[in-house]
Every structure is written in C-alpha cells, then in structure tokens.
4 protein chains.
Amino acid sequence: MNKLGAPAGASRLRKKIHEVIFEADTFAGKLFDVLLIITILLSVLVIMLESIASIRVNHLKALRYAEWFFTILFTIEYLFRLISVQSPIYYARSFFGLVDLFSIIPTYLSLFFPGTHYLLVIRTLRILRVFRVLKLVKYLSEAQTLGRAIRASTHKIFVFLYTVVIMVIIVGSLMYLVEGEKSGFTSIPRSIYWAIVTLTTVGYGDIAPATVLGQALASVVMILGYGIIAVPTGIVTTELVRDERNKQITTQSCPNCSAEGHDYDALFCKYCGTRL
Amino acid sequence: MNKLGAPAGASRLRKKIHEVIFEADTFAGKLFDVLLIITILLSVLVIMLESIASIRVNHLKALRYAEWFFTILFTIEYLFRLISVQSPIYYARSFFGLVDLFSIIPTYLSLFFPGTHYLLVIRTLRILRVFRVLKLVKYLSEAQTLGRAIRASTHKIFVFLYTVVIMVIIVGSLMYLVEGEKSGFTSIPRSIYWAIVTLTTVGYGDIAPATVLGQALASVVMILGYGIIAVPTGIVTTELVRDERNKQITTQSCPNCSAEGHDYDALFCKYCGTRL
Amino acid sequence: MNKLGAPAGASRLRKKIHEVIFEADTFAGKLFDVLLIITILLSVLVIMLESIASIRVNHLKALRYAEWFFTILFTIEYLFRLISVQSPIYYARSFFGLVDLFSIIPTYLSLFFPGTHYLLVIRTLRILRVFRVLKLVKYLSEAQTLGRAIRASTHKIFVFLYTVVIMVIIVGSLMYLVEGEKSGFTSIPRSIYWAIVTLTTVGYGDIAPATVLGQALASVVMILGYGIIAVPTGIVTTELVRDERNKQITTQSCPNCSAEGHDYDALFCKYCGTRL
Amino acid sequence: MNKLGAPAGASRLRKKIHEVIFEADTFAGKLFDVLLIITILLSVLVIMLESIASIRVNHLKALRYAEWFFTILFTIEYLFRLISVQSPIYYARSFFGLVDLFSIIPTYLSLFFPGTHYLLVIRTLRILRVFRVLKLVKYLSEAQTLGRAIRASTHKIFVFLYTVVIMVIIVGSLMYLVEGEKSGFTSIPRSIYWAIVTLTTVGYGDIAPATVLGQALASVVMILGYGIIAVPTGIVTTELVRDERNKQITTQSCPNCSAEGHDYDALFCKYCGTRL
C-alpha cells in the first residue's frame, strides 16, 4: 500500500513519470529535459516574433497556433508534474511550481484580456532547469556563494539605497526649482527621474539641464554618482573576500598549543608540530 | 525640584511627552512614530503632486490646504519637541533638530517668496527616524561602518577629486579650442560641463564632438574616465576590508598588562610577553 | 640527415629563416620584427582610410594597390613561416598561425564578395607579437595573472550573466506592454535592446520611456544596473586578491616529506609535523 | 663667499626671497602663498569668462588688461624664482618649474597665434602648491600611496588597455560592415569612436545602431563593457590592499623561534613570548 492508497501499478507508473520528468540520471530523463529546454526556447521565440509588427501582420495565425500548442503542451506537463510528486501542494508552492504555473496562465488570460500573453516571457525562467540537466552542481554552489555575499550585505546595501533615494528626491526638487518648466523638468517626479538617470550614469539625454546653475548642480550629481558606486562595489567585494577567507581556514585549534588558523589540509599544527 | 524649576506636575507631563515623541519603547511612542512617518510621506506626496501642471491646475486649493495643514502639524510637533527635552538649544542645534526646523520654514517663506515651498522635500530626511521605530540598530551599525570607511578614505578621495577637477578643466579648455563654437562647445565652462558628463560616463549627448580631432580627444577622456573609476572603488574597498580585518582581532586582553588588539593566532602578549 | 630529408644546405637556410622570422635575439630577427610591426600598422591604416568616403573617392586606386601590396607581402611571410617551422601543421593550427592566415584571406575573398576586405582589421591582432620584440616577458606574466583570475571566475560570471539575460528579457517584455508602440518600444526584441542599453548604464537615449509607469520601471532598472555592477567587480577582485595571497606562501619544502605550500608563519610542516 | 660669487648682501637678499617664495613656515611665506593661490584662481576665472560670448563682447578690453596684468605678475614671480634658487636650471626643469613657465607663455604666444591664450588654464596646475601652504603632508602621502598602487599596476593596466584597443578596432570595423553608411557609421574610425563611446558606457546617442544585427552586436559590446570594468577595478584594489597589508606587518623575525609576521607595535614574539 502506498500513501495515497493507489494500486501498486498506478504507483509504479507515477514513480516512472517522476523519474522522467524530475530527474536527469536516466536516458529518458535526460532526453525529456533537453526536449523541454528546446520547447521553452521555441515558445519564447514565438512570443518575441509576435511582438514584431511586420511579422505579426503576415503570420499572426501561425504564431497564435504555435502559442496555443506550447501552452497546452506545458499545461499537460504541469498536470503530470502535479500527479507524479508525493505532495502536489508542496510542489505547486515551490519556486519552480509557481514559475511553471505562471508560464501557462497568461495565454488563458489573454482570452479575456488581450495583450497579457506577452507575460509568457516569464517562461524564460524555466530554463533555470538546464542547470540540473548539465549536472552543473558547481554553478549552483557558485550561485549560492554570490547569493550569500549579497544576503550578507543586505543591511549595508539598504542603507546605501536609502541614501541614494533621499539624494535623488532632494536633487530632483532642487533641479525643478532651478531649471523651471523649460528644458524638460516639468514636475518634481520627472526631475527625480532625471536625477536617477544622471546619478546612475545612464544619461539618456531626453532631459538635460540648459541653465548654467542647472549644469553646475548636474555636475555635482554626476561626480557624486561616479564616486559613490564605489560603495556597493566595496561592500560586495568585502563579503566575497571574507567568504573566500572563511573557506580556507578551519576553526580547529591545536590540542597542544591551542593555536588556531590552520588550513583545511593541515594534519599537524604549524606552530608546535602536534598532530591535529 | 527639577532643573528648570517647574512644578512636579509639569515636569511629569514633559517627561510623558518626551517618552511619546522621542522614544519607541511604549505603545504610545510606537504609534506616534508610525503616524509621524505616514504624515511625512503624505506631506512629501502633496508637494510632488503640486509640481505636476495638470494636477496643480485642477486641485491647487486642496493641495495648498493640505500643505498648510501638514506644516502647522509639524510646527506644533516641533514646539512639543523643544518643550519636552532637557536642553532645547542642544536639540535645536542637533542634526534632527535642524531637519525638523527646515521641514517647516519653507511654507512660511513661500508667503514672501513664491516657489520656495518646494524645498519642503527636505522633509524626506525626517523619515530617517524610521530606523528608530523599527529598532533597526543593526542598520545604524552598518551605516556607521560605511561612514567610517568613507571618513577614513577622505584624504585619498580628496586627492582623487582634485585630480579629476584639474583634468576636466584642462580637457574642457582643449575641447573649446579644438571644436570651436560649432557642435555646442560655446564656452570653456560649457566645455568643462561636457568633460564632466563624459568623464563620469553619463554621456547625455546634448553636446558631442563633431570634428575628428575632438572625437579622438573625447575617446581618450572616455577611456580615462572608464579606467580611473577603479581608484575610488579601490580606496573604499580597501577601507572596508581593513575594517573587516580589525573585527577579526580578539577582544582578549593580556592578564598582565591589560593590552588589547591581539591577533587570533597570538599565544603571548605582543607588548609584555606574558602567555595569554 | 635532417627530419624532412632535405640536403644539409637547405636545412641550414630553413634554420636561418626561422631565426630571423620567429626569434628576436639576433639583430636580423629584431629588425624583422620592428619592420613587421610598422608594416602591420600601415596596412591597418590603409583599410581605415579607405572606409572614409572623401578619401576613398580621390585615392581609391592608390589605396587598393597598397592593400594588395601588403597582402602579397604577408602571404609571402606566411609561406616562409610555414616552410621554416619543423611542423607546419602545428603552426598553422596555433593561435598566431590562424591570425596570420585570417590577415590575408579577406583581400582574396573581396575579389568575389566586395566589402569583406574590411575584415582585414583582424591584422591588428598580429601586433601582439610586439611583446616578443620588446622582450616583455613581464607583460605576458601579468596577462596570465589576469587571464587566470578571469578563468577562475568563469562559473560565477556565467551565473551573473545568466541572471542579467533573464532580467533584460523580462524587463524588456514588461516595458513593451507598458510603453506600447509609442516612444520607440516597437517590439519585444527592441525593448530588450533598450533594457540592455539601460542596465549597462550606456543610455543612448534613442529609445527612452515617455509614460510615468515606464519611467518608474526604468528607474528601478537603472538603480539595479548601477548596483549589480558590484558583483562582477567583486568576483574579479576576490580572485586577484586570492592570487596575490597565494604568492605569499613560501616555496620552502618540508625536509621530511617534501610537502610545499607552507604559510610564512609556519614553524612545523602541516602534513607530517617535522620542524621546518 | 657663496657659490655664485655674489657679495654677501645680495646672497642674503636671495636667501630672503627664497624663504618668502618657496617656503611656508614664516608669516611672509604663508601670506605670499595665500595671495598667489587667490591670484591663480582669479586669472583662471578671467580666461573662462573671456570664452563666454556674451561677456567677451561687452568686456573684452577689461579682460585682456586683466590677463596681461596676471601674466606680467607671474613672469616677475617666475624670474624671482629663477634668481632665488641655488640651481636655476634644476628648478626650470622640475615639474613645478615647467608648470610655472607654461603658465605665462600662452599669453605671449597669443600675440602671434590668436586663440592660444586659452591654454593658460594650465595655470590651474599651479594650485597644487596649495598643499604646501596647508602643510598637508598627509595628502602628499596619500597621493603617493595612490600613485604607487597605480604604478605597480602599470603592466596589468597596459595589458588591459591593449585588449580594449584591439576590441574597439575589431568591433568598430564589424559595425561599419553591418550598419553601412546609414545611421552614422560613415567610416571605420567613426565606428571605432562609437565602439569606445559604447564600451566605456558613456553612450552619447549621436551614433546608434539602427539594424537588428547592429543592435545585437551593440548589446554584446555593452555587456562586455559593463563586465570588464571589473578588471581595472580589481587590479587597483588588489594593489591598494597589498600596500595596506605591507604597512601593517614588519619583516622582523623572532630571535628565539624565528616566527615572522609581527605587527609594527609588537614588542614580544606572539608565538613564544621572547622580547623582539
């Protein structure tokens, strides 16, 4: 008897489906994953092509058929995933479960709200599964290192972002006063948008100061923006260096002389020669 | 008898007001802070909305009423703060005291000088108080770490900024000679403005070199600007790494001479030679 | 008898050619290298000049003659290189062998496909040989340090780039929905192009959001782009610092077990406990 | 008898002039330096003002008089400097000697070549003397630290710049082929200029790709430019961190146990407790 009370045959089938869909160790599992990734890429391509006016005019019908084809395919796949896992609710709530769901909903939604099917590009996120196929555990560990460094810097980055937000609000308001309605600074929110464009050194040029005072103020903002980028960079670098260093040194202390700071490959204390 | 010679009842009242306004431990204090932050955000929103032409035309009266309402509210709050502290002058001169004052003055000023009330956006700074409400002591410590790193780099950053200023002045003058009055380089100050826009990699494109020689010179400036951003980044990172390393020093003090600042691998006090 | 079975005189000649062309120790070798670099620079200059319309109109014939002159010269040089090395196939497949080949092919191709001769600028890569002339072994070692740091960061950088790609696809699609066909966001690929221009803080301004919602979304992208540049910088810096630190390990080997990689402060071998 | 064979009175006068002009310890020396800096700033201001068309039209005569006044003043100062030093040739060849000379020459040159007097902005460099006045020895040491870090990175930075130059040449040529004469890519040098504008993330927008292939290629260049900025930053940071570390650790080894890596303030070996 299995947990869900299904007959042994059905249970074995579910196990088989689970193996093909969720794992990448068997030939069938690997083949499924590779086909899936190709299908995902094709379906994203279809959405992009549809957004191009000249293509849409001539091939709208074919593109729509393709889109519905992919959506139905992914819907079936989603149902199979739900069936084959032990706990469907746990899967449905997981990151990949949600991504899988949001990858099919927009097409159905577009029946009622035209245009929303462009949200299907969220399907791109599904390609994250590629990492499993290629058995790129290494990449996952690297991603975790980066994630840990960014998480460890959250507080510092929050403080930094808050400073930036305050700065662009005040600078934006000042520029609105200085430049007036001419030269694009038509409201404070728009001036704040300009301040962000300038401070981040993006500089579209759709709004640019025209008065001498405005240009002087803009110069200060630019040099500030150019300089303070050093802060987040410094924060992340410090975290990565710390992470790096922690990996190299054990917290093990010598039983004889209590010295610490031994490398992971050390067998003997480097200060007194006692076996660790 | 308290210091100001007020009767005990007034003193107790003042203490109560101080608790509500300045602290966030009691329910009343927390409620006050949360309401205050919402009020600040709303008052900033009103100023921004007023700056948008289409909204100003239709709702000017309502917005002005709102602005005066908030200003009077903040004025009352300011007076209460002055009354409830032990030393009103000390508070008035403190960072938050000045921010509180500058958050109400512009409205009164705008009676005489129209337009100045946009300076009210300085109210945004008041939200810094939010840190206290959320008991985010952690954020304060992180902000201090960043502040310390930036302060420690002040001399290096000053040298860097001076180099940048000299560079943009000389490059700006050269470009004025090279490009002439065509293509926007109409004066040396304007050329210097262009040099800053280029060196900081903002690049609006409102002024851009048109001659071959000008573009060659601009290319050198761009590559320079692209490269020397490494300098402030390096400076701040070094300071943060140093700060980080200092944290790794034990807080252990010598049993003999009480000296502190020993490395984690130290076995003997480095000042008096006693075994730790 | 030499390997190819050629008479001793031919072998000596081949050896002589090899010395002149491939080495830079003798006067003839050094002279050859200096002349070669000047020729390469001149030939690149000719290609650039030809691309300028006003020069092309007046001097097309002279430029074409020069181009064929350089191509034939480099063809002869290539043949000499093939002849003078022990294993022509090994050379032809090496990096410099391929660069040398691609530096002459486009001219011959341009007989059949006009325009392709501009690909000759690949000749610039040949100047890499300059390092040998100047005996700049130091530069090679520095290039290797940089290369090692970048190679060691490959996995982390791949994870970073993947995140960036996903981000620009999703942001691009959202902007296409938000901004509509107005203001340049005419298709999803074009919106993705805009997202890249913005996230990398390049900011041409040929496409810029015009709606309030679009500008708000753009602001988030800019601040993100401004912040996440910290990640690759942190990665490369960490690798370079690690490389640096590895250099600090002594080259001292244990007298007992010959193990290497001891820290400078190690007194005993960390693998067998023998006093160093 | 002094070296130049001048009578004792003249020698004493020369010594006095030297003290006033070159040193900043006496009151007269300090006063001279402060006046000098004000004069330099005023003279730079005059040049900038003259470049502004509206001011030039109305006040040309006054500005020219001012310029000649400052030039003659600086000429006299230059002569006094030459007279008062022991070795006039050594001074004339030094960095400050050359700056002082180039700060007066352009005015005289402008008699023959109009327009050249704008080169007078080189006078700004003279303000470097301000460091001596303020006795900012600290700044000099910081500048030296930065200079040392940049010098130590020269080889790595050269390798990096060479890679960037090769990259923009090849990308520029490809874009010329891809985009053709439309959309501003009118010649290879101009396309290379565009490549530099893009790679350094400046992004004027005066030249921007219009074809799909061109935009795809541009996207690659942007992401590359966004990423490789990590390299110079990493290099400089590593050098600064190394410099930092070297400052903190002596090369002194313990006379008893030969341990190294002691802090500068260490009096006893931290491993065995022996007095250093």
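Residues numbered from 1 in each chain as written. Chains lettered and ligands numbered in written order. Predicted model: local features only at pLDDT ≥ 70, side-chain atom pairs only at ≥ 80, totals over all residues. Heavy atoms only, no water.

### Looking at the overall build of chain A
Logical step 1: Helices and strands together make up the secondary structure of chain A, namely 12 helices and zero strands.
Logical step 2: Ordering the α and β elements of chain A from the N terminus gives α-α-α-α-α-α-α-α-α-α-α-α.
Logical step 3: Split into buried and exposed, the 276 residues of chain A put 48% on the buried side.
Logical step 4: Within chain A, contacts between residues at least 6 apart in sequence are counted, and of these 51% link residues at least 24 apart. (Helix = DSSP H or I, 4+ residues; strand = E, 2+ residues; numbered from the N terminus. Buried < 20%, exposed > 50% of the residue type's maximum accessible area, 1.4 Å probe, protein only. Contact = heavy atoms within 4.5 Å.)

### A look at the pattern of salt bridges
Side chains that differ in sign of charge can pair as their charged atoms come close.
Logical step 1: Considering all chains together, one arrives at 12 salt bridges over all chains under this definition.
Logical step 2: Close ionic contact of Arg81(C) with Asp100(C) constitutes a salt bridge, the shortest N to O distance being 3.7 Å. A residue pair is termed long-range when its members are at least 10 positions apart, and Arg81(C) in helix α3 (residues 53-84) and Asp100(C) in helix α5 (residues 95-102) qualify at 19 residues.
Logical step 3: The buried category is assigned to Arg81(C), whose relative accessible area is 0%.
Logical step 4: Overlapping salt bridges, with partners in common, bring together Glu77(A), Arg81(A) and Asp100(A) in one network. (Salt bridge = Lys/Arg side-chain N within 4 Å of Asp/Glu carboxyl O.)

### With respect to the packing of aromatic side chains
Logical step 1: Summed over the entire model, instances satisfying the criterion amount to 20 aromatic pairs over all chains.
Logical step 2: Relative to Phe96(B), the ring of Phe95(B) lies with its centre 5.4 Å away and its plane at 65°, an arrangement referred to as edge-to-face.
Logical step 3: Taking relative accessible area as the criterion, Phe95(B) reaches 49% and is therefore assigned partly exposed.
Logical step 4: Using a relative accessible area of 27% as the deciding quantity, one classes Phe96(B) as partly exposed.
Logical step 5: Relative to Trp194(D), the ring of Phe185(D) lies with its centre 5.2 Å away and its plane at 65°, an arrangement referred to as edge-to-face.
Logical step 6: Since its relative accessible area comes to 0%, Phe185(D) is described here as buried. (Phe/Tyr/Trp six-rings, centres within 6.5 Å; stacked < 30°, edge-to-face > 60°.)

### A closer look at the environment of Ser141(C)
Logical step 1: Of note, Ser141(C) is situated in helix α8 (residues 137-152).
Logical step 2: Sequence-wise, Ser141(C) and Ser173(C) are 32 residues apart; in three dimensions their C-alpha atoms are separated by 45 Å.

### Some thoughts on the packing of helix α9 (residues 154-179) of chain D against helix α11 (residues 212-228) of chain D
Residues and elements named next belong to chain D.
Logical step 1: At their nearest, the axes of α9 and α11 sit 10 Å apart, and the two run at 170° to each other. Of the possible angle classes, the one that applies to α9 and α11 is roughly antiparallel. Residues Phe160, Val164, Met167, Val171, Leu174, Met175, Val178 and Glu179 of α9 pack against Leu213, Gly214, Gln215, Leu217, Val221, Leu224 and Ile228 of α11.
Logical step 2: The class makeup of the residues in the contact of α9 with α11 is 12 nonpolar, two polar and one charged. (Axes fitted to C-alpha atoms, helices over the stretch in contact; angles between N-to-C directions. Parallel < 35°, antiparallel > 145°, perpendicular 65-115°, else oblique. Nonpolar A, V, L, I, M, F, W, Y, C, P; charged D, E, K, R; others polar.)

### A few points about the domain arrangement of chain A
Logical step 1: Each assigned domain of chain A is listed here: domain 1 (8-133) and domain 2 (143-242).
Logical step 2: A straight line from the C-alpha centre of domain 1 of chain A to that of domain 2 of chain A covers 39 Å. (Domains from an automatic or database assignment.)

### Observations concerning a nonpolar patch on the surface
Logical step 1: Taken together, the side chains of Phe27(A), Leu31(A), Val34(A), Leu35(A), Ile38(A), Leu42(A), Leu45(A) and Leu49(A) define a hydrophobic patch exposed on the protein surface, amounting to about 740 Å² of accessible area.
Logical step 2: Mapped onto the fold, Leu35(A) is located in helix α2 (residues 27-51). (Patch = residues over 30% accessible without salt bridge, like charges linked within 9 Å, V, L, I, M, F, W, Y side chains within 5 Å. Areas by Shrake-Rupley, 256 points an atom, 1.4 Å probe, with all protein chains shown as cover.)

### What about the confidence of the model for chain A?
All names here are of chain A.
Logical step 1: Of the residues in chain A, 79% reach a pLDDT of 70 or more, and the chain-wide mean stands at 79.
Logical step 2: Per-residue pLDDT, averaged within each element of chain A, yields its smallest value for helix α7 (residues 130-133) (56) and its largest for helix α10 (residues 188-199) (91).
Logical step 3: Predicted confidence for residues 1-6 stays below pLDDT 50, and this span has three contacts to residues more than four positions away or in other chains.
Logical step 4: Reported confidence for the predicted complex is 0.78 by ipTM and 0.81 by pTM. (pLDDT = per-residue confidence, 0-100.)

### Thoughts on the nonpolar core
Logical step 1: Core analysis: the largest hydrophobic core is formed by 173 residues, its most contacted members being Trp194(A), Trp194(B), Trp194(C) and Trp194(D).
Logical step 2: In contact with Trp194(C), not counting residues within four places along its chain, are Tyr204(A), Val171(C), Met175(C), Phe185(C), Ile207(C), Ala208(C), Pro209(C) and Ala218(C).
Logical step 3: The next biggest cluster of nonpolar side chains, apart from the first, holds 14 residues, and it includes Phe22(A), Phe74(A), Val85(A) and Tyr91(A). (Core = buried A, V, L, I, M, F, W, Y, C linked by side-chain atoms within 4.5 Å.)

### Focus on the environment of Pro114(C)
Logical step 1: Mapped onto the fold, Pro114(C) is located in the loop between α6 (105-109) and α7 (130-133).
Logical step 2: Spatially, the C-alpha atoms of Pro114(C) and Gly180(C) are 40 Å apart, while their sequence positions differ by 66 residues.

### Focus on unusual backbone geometry
Residues and elements named next belong to chain B.
Logical step 1: In this structure, Thr201 takes a positive phi of about 60° despite not being glycine.
Logical step 2: Within the fold, Thr201 resides in the loop between α10 (188-199) and α11 (212-228).
Logical step 3: Among the residues examined, Thr201 registers a relative accessible area of 7% and is labelled buried.

### Quick notes on α10(B)
All names here are of chain B.
Logical step 1: With 12 residues, α10 ought to run about 16 Å at 1.5 Å a step, and its terminal C-alpha atoms sit 16 Å apart, in line with that.
Logical step 2: In terms of residue burial, α10 counts as a mostly covered element, since 10 of its 12 residues are buried.
Logical step 3: Among the residues making up α10, those that are buried are Ile188, Ser191, Ile192, Tyr193, Trp194, Ala195, Ile196, Val197, Thr198 and Leu199.
Logical step 4: A positive phi of about 60° marks Thr201, the residue just after α10. (Expected span 1.5 Å × (residues − 1).)

### Section: the packing of helix α2 (residues 27-51) of chain C against helix α10 (residues 188-199) of chain D
For any two helices packed against each other, the geometry is given by the interaxial angle and the distance between the axes.
Logical step 1: Where α2(C) meets α10(D), the axes come as close as 7 Å, and the angle between the chain directions of the two elements is 100°. With respect to α10(D), the axis of α2(C) lies roughly perpendicular. Two secondary-structure elements touch here, α2(C) through Ile47(C), Met48(C) and Ser51(C) and α10(D) through Ile188(D), Pro189(D) and Ile192(D).

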